[in-house]
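Fold and contact review
Chain by chain, the residues run as shown.
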Amino acid sequence: MASRDGYSWTKADGLRPGVPCIGAIQPPSNIASSSSSPSTEFDVIVVGAGYAGLTAARDASVAGLKVLLLEARDRIGGRSWSSNIDGYPYEMGGTWVYWGQATVWREIARYGMQDELESSYDFSRGINKFLLASTGGTQSFTHEEEDALMQSGLAKLFNVDGKDGRDALPMPHSAHLSPSDRRFDGMSVADRLAEMGGQLTPTERLCLEGFVLLCSGATLATTSFYEMLHWWALSGYTYEGCVNHLVRFKFRAGQSSFAVRFLGEALASGNLSYAFSEPVAAVRDGGAQGSVTVTTRSGRTFAAKRVISALPLNVLDTVAFEPPLQEGKAAAARTGHVNQTVKVHAEIRERELRSFTGVSYPHNGLIYGFGDGETPAGNTHVVAFGGQHKHFHPEDDIDRTIAEFHGFTPMNVERLVSAIRNYKLCRRGGRLIADRRGQVFHNWSRDEFAKGAWFFPAPGLLASHFEDLRARQGNIFFASSDWASGWRSFIDGAIEEGTRAAASVRADLIGRSKI
Ligand code: FAD
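The chain goes by Amine oxidase in an unreviewed UniProt entry, where it is assigned to Cordyceps militaris. Listed in UniProt under the heading Cofactor (unreviewed entry), the comment for the chain reads: "FAD". If you open the UniProt record of the chain and go to Sequence similarities (unreviewed entry), you find "Belongs to the flavin monoamine oxidase family."

Here it is in structure tokens:
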């Protein structure tokens, strides 16, 4: 099975649209293909089949509710999905999970997948170095020195209370922002660095800024200091905790091998109807006596007692809600989040780089990279991240993208893979470019069903609208990793939110206000 999403580039074949994905669903729908089914009223319609929507659809259908899942893409997983190319899984979006993330771990245990994880890192051979490339040249460190540099820089950044942030943010899973949280959300990381004066060594500062930009995909001025502190607190207030929670363990068979379990269980209940490649255009809430109707772009209309919108923040305003979104939600949707991460995989010949990690900053478009695996051909798989800082679109210029990898250290790139939506290609001036009636390729930034990578807010968004985003509106419930209370921006947060929404709908339908 292949998805229209994603593309790959090799020297031999050039740029190719669409990549294989076990999360691409066949048949694309299990409901009659007639234009609408007004006679069938579902208990709940779930819009969006990312982890929030998948969890909500599964929990509701397993609880005995009649569920319809509508998804714009041809696959499940939303911002988390993997492609298996020549027997090797490339993670196009959300990748790493950890047992310290209680909600995702509950699901891993539910499906007995505890032993299907592997470490991204292998420091047992090869150059085994951290390379810090900057405008003044490249410095080389052991991984122990890398950890010490990151720990000391981050501890200084978050030491707003003499306790490395422990007193400042003691309850990172709270569903409310405290006055202190709001104060820190009024600051950017750039503001905090200015406040710190000369506390950081130049090397600590490069490492720290590279790490912050890896987390936010934004710029230092648009990265909420509170949200960075939140990640730090969730990770146990240490750099080691950050590595474990953020970038260490991934599924050996890829994220989509996890997502298909959710859909499979929901289908086995016999209560799930679904339609893929069916973008929703409008959601109309009939109020206390009426049902909610959902209309897709193809003109089909479906009715349900309740709707769970599992749409991401940055596309919430692409669906017409009637009555319109409450002002707080609407304002948050207009503002959006600021993460425009560029994530690119390269298959390279140098086996010794399996054990490299690197920061290339502030001059490079790809800021953070490391050896992430070994392909069946015996090549090294390197994954690298950029963002708003020196932002570029990898598909626009393959030569530049390869040069960005060389920004860490010279390497021979055999293959590039990136999560970019599929549009027609043409050749102009001897160079492959993308063309869609005059437009260029989509990537996570250009992807119309995401408009960005994982949630990361600019200063002020959460202080103003966190509770608005989590609120129900009439018969519509809103679930997204983007406003989870705990691991917001992570797969864990999406599952937390899907669980919350399904439980709330069920409680609502059986006449209890709380469960
Ligand atoms: P989504 O996955 O975005 O799901 C929303 C769904 O709604 C999508 O399927 C979308 O197609 C659909 N949709 C949109 N518009 C419409 C419409 N009009 N009609 C119908 N359907 C629609 N998290 C981690 O835990 N670990 C990581 O290592 C990690 N790395 C990441 C790397 C990248 C590059 C990205 C992009 C994300 C990463 N994340 C990571 C974050 C994680 O992927 C997301 O937080 C999580 O997957 C979001 O799930 P969700 O269900 O809330 O939203």
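After presenting the structure, the write-up continues.
Some details on the UniProt feature "binding site: substrate" (unreviewed entry) in the chain
In the numbering used here, UniProt assigns the "binding site: substrate" (unreviewed entry) feature to Phe385. Checked against the element boundaries, Phe385 lands in strand S19 (residues 380–386). Since its relative accessible area comes to 5%, Phe385 is described here as buried. Once residues within four sequence positions are removed from consideration, Phe385 is found in contact with Trp96, Leu214, Thr341, Val342, Lys343, Gly365, Leu366, Ile367 and Tyr368.

Notes on the site of the ligand
Near the ligand there are 36 residues, and of these Glu71, Arg73, Arg79, Ser80 and Ile491 occur at the shortest range. Between the ligand and the protein, one listed contact pairs an oxygen atom with a backbone N or O atom of Thr95 at 3.0 Å. Here Ser481 contributes a backbone N or O atom positioned 2.9 Å from an oxygen atom of the ligand. Alone, the ligand offers 1,000 Å² of accessible surface; in the complex the protein occludes 99% of this. Of all the secondary structure elements, the ones that give two or more residues to the shell around the ligand are helix H1 (51–62) and helix H13 (491–509).

A short note on the pattern of salt bridges
Counted according to the given criterion, the structure contains 31 salt bridges. The shortest N-O distance in the salt bridge between Asp167 and Lys163 comes to 3.1 Å. Each member of the salt-bridge network shares a partner with another, and the members are Asp5, Arg73, Arg75 and Asp447.

With respect to the UniProt feature "binding site: FAD" (unreviewed entry) in the chain
Following the UniProt record, one finds the feature "binding site: FAD" (unreviewed entry) at Glu71, Ala72 and Val280. A maximum C-alpha distance of 7.6 Å among these annotated residues, which run over 210 residues, shows that they cluster at one spot. Inspection of the secondary structure assignment puts Ala72 in the loop between strand S4 (67–70) and strand S5 (82–85). For Ala72, a relative accessible area of 15% translates into the label buried.

Digging into the environment of Arg252
Among the secondary structure elements, Arg252 is positioned in the loop between strand S10 (249–251) and helix H9 (256–268). A relative accessible area of 45% places Arg252 in the partly exposed class. Each C-alpha atom of the pair Arg252 and Pro89 lies 7.7 Å from the other, and the pair is 163 residues apart in sequence. In contact with Arg252, not counting residues within four places along its chain, are Pro89, Asp115, Glu116, Leu117 and Glu118. Here Leu117 takes part through its backbone oxygen, which lies 3.2 Å from a polar atom of the side chain of Arg252.

Things to note about the nonpolar core
For soluble globular proteins, nonpolar side chains are generally found buried alongside one another. Formed by 84 residues in total, the largest nonpolar core has its most connected members in Ile45, Leu157, Phe211, Leu246, Val283 and Phe321. Dropping the residues within four chain positions of it, Leu246 is found in contact with Trp96, Phe211, Cys215, Trp231, Ser235, Trp487 and Phe490. If you look at the next biggest cluster of nonpolar residues, it comprises 41 residues, including Leu65, Leu272, Ala310 and Ile491.

Brief notes about the layout of surface pockets
Any empty space left between atoms is shown by rolling a water-sized probe over those atoms. Counted as a void, the second largest pocket has a volume near 250 Å³. Where the lining of the second largest pocket is concerned, the elements lending two or more residues are helix H3 (143–158) and helix H8 (239–247). Sort the elements by how many residues they give to the lining of the second largest pocket and H8 lands first, with 4 residues. Of the residues belonging to the lining of the second largest pocket, the class tally is 5 nonpolar, 4 polar and 4 charged.

A short note on the side chain of Asn339
By the element assignment, Asn339 lies in the loop between helix H10 (327–335) and strand S16 (342–348). For Asn339, the side chain forms a polar contact with the main-chain oxygen of Trp454, separated by 2.9 Å. With residues up to four places along the chain from it excluded, the contact list for Asn339 reads Cys215, Ser216, Gly217, Gly452, Ala453, Trp454 and Phe456.

A few points about the confidence of the model for the chain
Per-chain confidence: the chain averages 91 in pLDDT, with 93% of residues scoring 70 or above. Within the model, pLDDT remains below 50 along residues 420–442, and this stretch shows 56 contacts once partners closer than five positions in the same chain are excluded. We note a pTM of 0.94 for the whole complex and an ipTM of 1.00 for its interfaces.

The rules we used
The residue numbers shown here count from 1 along each chain, following its written sequence. In keeping with the model being predicted, local features are shown solely for residues with a pLDDT of at least 70 and side-chain atom pairs are shown and tallied solely at 80 or more, while totals for entire chains, interfaces and linings include all residues. Each side-chain value is worked out from all heavy atoms of the structure, with water and hydrogens disregarded. UniProt positions are given in the numbering used here, feature names are shortened, and annotations may be inferred rather than shown by experiment. Secondary structure is summarised from DSSP: a helix means a run of H or I of at least four residues, a strand means a run of E of at least two, and numbering begins at the N terminus for each. Summary of the burial criterion: residues with accessible area below 20% of their type's maximum are buried, those above 50% are exposed, and those between are partly exposed, where the area comes from a 1.4 Å probe applied to protein chains only. Whether two residues touch is decided by their heavy atoms; if any such pair falls within 4.5 Å, the residues are in contact. Throughout, near means a residue has at least one heavy atom within 4 Å of the molecule or strand. Pairs of N or O atoms are called polar contacts if they sit within 3.5 Å, as long as, within protein, a hydrogen donor faces a hydrogen acceptor (for residues adjacent in sequence, only side-chain-to-side-chain pairs). The protein chains shown are the only cover counted for residues, whose accessible areas, like all others here, come from Shrake-Rupley with a 1.4 Å probe. Any carboxyl oxygen of Asp or Glu that lies within 4 Å of a side-chain nitrogen of Lys or Arg is treated as forming a salt bridge with it. The definition of a nonpolar core used throughout is a set of buried Ala, Val, Leu, Ile, Met, Phe, Trp, Tyr and Cys residues joined through side-chain atoms within 4.5 Å. A pocket here means an open set of points on a 1 Å grid, computed over the protein atoms alone, that has protein on both sides within 12 Å along at least five of seven lines. A cavity is instead a set of points where a 1.4 Å probe fits but cannot get out; residues with an atom within 4 Å of a point line either one. Grid points are joined across faces, edges and corners, and a volume is the space filled by probe spheres set on the points. Classification used: nonpolar for Ala, Val, Leu, Ile, Met, Phe, Trp, Tyr, Cys and Pro, charged for Asp, Glu, Lys and Arg, polar for all others including Gly. Per residue, pLDDT captures the predictor's confidence, and it can take any value from 0 to 100.

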